[in-house]
Amino acid sequence: MPGYKPGATAQAVGGRSFKLSSNESPYGPLPSVAKVIAEAALEINRYPDNGAELLTAAIAERFGVPADHVALGCGSVGVAQQLLAAVAEPGAEVIYAWRSFEAYPGLTALTGATSVQVPLRDERHDLDAMAAAITPRTRLVFVCNPNNPTGTVVDADELARFLDRVPGDCLVVLDEAYREYIRDESVPDGLALYRDRPNVAVLRTFSKAYGLAGLRVGFMVGHPPVAQAVRKTMLTFTVNSLAQVAAVASLAAEDELLERVEATVKERTRVREALLADGWTVPASEANFVWLRLGGHTSDFAQACHAAGVSVRPFAGEGARVSVGEPEANDLFLAVARAFPHRA
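Keep in mind it's a predicted model, so treat the numbers as computed, not measured. Sequence order as written defines residue numbering, which begins from 1 separately in each chain. Per-residue local features of the predicted model are confined to residues with pLDDT of at least 70, and side-chain atom pairs are confined, for both listing and counting, to 80 or more; whole-chain, interface and lining totals are unaffected and use all residues. Each side-chain value is derived from all of the structure's non-hydrogen atoms; neither hydrogens nor water enter the calculation.

Would you mind going over the overall build of the chain in detail, with residue names and values included?
In terms of regular secondary structure, the chain is built from twelve helices and twelve strands. For the radius of gyration, the atoms used are the C-alpha atoms, and the globule rule reads 2.2 Å times the number of residues raised to 0.38. Its C-alpha atoms give the chain a radius of gyration of 20 Å, near enough to 20 Å, the size a compact globule of 344 residues would have. On the principal axes, the C-alpha backbone points of the chain span a range of 55 × 55 × 40 Å. Exposure classes here rest on a 1.4 Å probe applied to the protein chains alone. A residue is buried below 20% of its type maximum, exposed above 50%, and partly exposed in between. When the 344 residues of the chain are sorted by exposure, 55% land in the buried category. Helix and strand assignments follow DSSP, with helices taken as H or I runs no shorter than four residues and strands as E runs no shorter than two, numbered in order from the N terminus.

So, in structure tokens, the structure goes:
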């Protein structure tokens, strides 16, 4: 089974390099968040609160959900693993679009379940095909919205039609790791959608918009039987004490953090418009990255970026995902893309 490959870091060229391969926030922690991390570091000789009660309560209050609907883990990918540990087994099937989040195949394989990959259509989820792929063996369906790595979204009407076709004993997981970057009003908020659907759960993370990728904390909101199962399959003490206090502080400073998100959204628009003007085909993205389908030229493009001091995320034979970073990083990427002879 292939292991997960994290985004690469380019070597410095001319004293500078930029990492646009992991969809990280380009901004460091806010002073208020850094302060509580520093204070909590003085007590790391103690185990964290395994139930993460303060953080659970803060999430419940912020998003208007009952506390017993919340479960936490080591990033949203950790919560996804906990979900699969709870519901999947040899002989079971897990459905997801492809290409989508690259952790899905490995996490599914760890449970012994079978992956059912449904090809994208025009870089978007083909929900009709995904619904048709459901069998009595299907235990879980991932819907990544916005989709990683294409940045495309599923709108409210098509998602509702899809959910109406899913059997009640099949869990649908709306992976909304990039929710804060969405500006398309047709995209549903999973936290509003799940309330009347016991077989729907929502994944969120503090790694992206909240800028806590290095601390690894994510959460799921679902109905009590699902949330309880996810809490049972969590590795003991997996959400460390620094992650817990930083996430609570980030929720308290959310208005300031979301100003940074808005800056990234504006840069996303600028980057995509520049690529379109240079002749590239770029699907509209509602995440903090853009997607270039390069086919056989993918590796060459990634190497050209690397040589210029900027790392992107190539998927061999398919395309490259490029995170939206600070303006200087984006300008360097755009310069490489402008000079590259093969437009996607």
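Give me the pattern of salt bridges: which residues, what numbers.
Salt bridge, as used here: a side-chain nitrogen of Lys or Arg that lies within 4 Å of a carboxyl oxygen of Asp or Glu. Tallied over the full model, the rule gives 18 salt bridges. With a closest N to O distance of 2.9 Å, Arg197 and Asp164 form a salt bridge. Here Asp164 lies in helix 6 (residues 156–165) and Arg197 lies in the loop between helix 7 (190–193) and strand 7 (200–205), a separation of 33 residues in the sequence. Taking relative accessible area as the criterion, Asp164 reaches 58% and is therefore assigned exposed.

Quick rundown of unusual backbone geometry? Include the residues and the values.
The step from Trp98 to Arg99 runs through a cis peptide bond, and the omega angle for that step is 15°. Assignment of secondary structure puts Arg99 in the loop between strand 3 (93–98) and helix 4 (103–111). Cis geometry marks the peptide bond from Asn145 to Pro146; its omega dihedral reads 5°. Phi at Asn23 is positive, roughly 60°, even though this residue is not glycine. Residue placement: Asn23 occurs in the loop between strand 1 (18–19) and helix 1 (31–41). Despite not being glycine, Phe237 has its phi angle at roughly 60°, a positive value.

If you had to explain the sheet that holds strand 11 (residues 313–315) to someone new, which residues and values would you point to?
Backbone hydrogen bonds hold the strands of a sheet together, and the pairing may be parallel or antiparallel. Taken together, three strands build an open sheet; the order of strands is 9-12-11 and the sheet is antiparallel. Whereas interior strands pair on both sides, the edge strands pair on one side only; in this sheet they are strand 9 (289–292) and strand 11. Going across the sheet, the axis of each strand differs from the next one's by a mean of 20°, ignoring polarity. Looking at chain direction, strand 11 and strand 12 (residues 319–323) are connected through three bridges and run antiparallel. Paired with Arg313 across the two strands is Arg321, which belongs to strand 12. A pair of strands is treated as paired once DSSP finds two or more bridges between them. For helices, the fitted line uses only the C-alpha atoms of the stretch in contact; every axis is such a line through C-alpha atoms, and the angle between N-to-C directions lies from 0 to 180 degrees.

Outline the nonpolar core, supporting the account with residue identities and numerical values.
Judged by nonpolar contacts, the single largest core of 55 residues is most densely connected at Phe162 and Phe206. The element best represented in this core is helix 9 (residues 241–252), accounting for six residues. Take the buried Ala, Val, Leu, Ile, Met, Phe, Trp, Tyr and Cys residues and link them wherever side-chain atoms come within 4.5 Å; each set so joined is a nonpolar core.

Outline the pairing of strand 12, supporting the account with residue identities and numerical values.
The two faces of the sheet receive side chains in turn, since in a regular strand these alternate between them. Of all five residues in strand 12, five are buried; the element is thus mostly enclosed. As paired strands, strand 9 and strand 12 are joined by four bridges and run antiparallel to one another. Bridge assignment links Val290 to a residue of strand 12, and that residue is Val322. Counting the residues that bridge the hairpin from strand 11 to strand 12 gives three residues, and of these Gly317 lies at a positive phi of roughly 80°.

Now, about the packing of helix 3 (residues 75–87) against helix 4: what can you tell me, with residues and values included?
If you want to describe how two helices pack, look at the angle between their axes and the distance between the axes. As a packed pair, helix 3 and helix 4 sit with axes 9 Å apart at the nearest point and diverge in direction by 35°. Seen along the crossing, helix 3 lies across helix 4 with a hand that is right-handed. When helix 3 is examined against helix 4, the residues Val77, Ala80, Gln81, Leu84 and Ala85 are found in contact with a partner set consisting of Ala103, Leu107, Thr108, Leu110 and Thr111. Partitioned by chemical class, the residues of the contact of helix 3 with helix 4 number seven nonpolar, three polar and no charged. Crossing handedness: left-handed means the near helix sits turned counterclockwise from the far one by under a right angle, and right-handed means the same turn made clockwise. We call two residues contacting when some pair of their heavy atoms lies within 4.5 Å. Gly is placed with the polar residues, together with every amino acid not listed as nonpolar (Ala, Val, Leu, Ile, Met, Phe, Trp, Tyr, Cys and Pro) or charged (Asp, Glu, Lys and Arg).

So what's going on with the sheet that holds strand 5 (residues 138–144)? Residues and values would help.
With respect to topology, seven strands assemble into an open sheet ordered 2-8-7-6-5-3-4, the strand pairing being mixed. The two strands at the open ends of the sheet, each matched to only one other strand, are strand 2 (70–73) and strand 4 (114–119). Adjacent strand axes in the sheet meet at a mean angle of 25°, parallel and antiparallel pairs treated alike. Sheet topology note: the strand 6 (residues 171–175)/strand 7 ladder contains four bridges and is parallel. Note on strand 7: the bridge partner recorded for Leu174 is Val202. Those strands touched by helix 8 (residues 224–232) are strand 2, strand 6, strand 7 and strand 8 (218–221), and its axis lies near 25° from that of strand 2.

An account of the packing of aromatic side chains is needed here, citing residue identities and associated values.
Ring pairs shown here join Phe, Tyr and Trp side chains whose ring centres sit within 6.5 Å, with only the six-membered ring taken for Trp; geometry is labelled stacked below 30 degrees between planes, edge-to-face above 60, and tilted in between. This structure, assessed with the given rule, holds 14 aromatic pairs. Judged by centre distance (4.9 Å) and plane angle (55°), the ring pair of Phe206 and Tyr210 falls under tilted. In this pair, the class of Phe206 matches that of Tyr210, namely buried. An aromatic cluster is defined as three or more aromatic residues linked by ring pairs; in this entry it consists of Tyr96, Trp98, Phe101, Tyr104 and Phe142.

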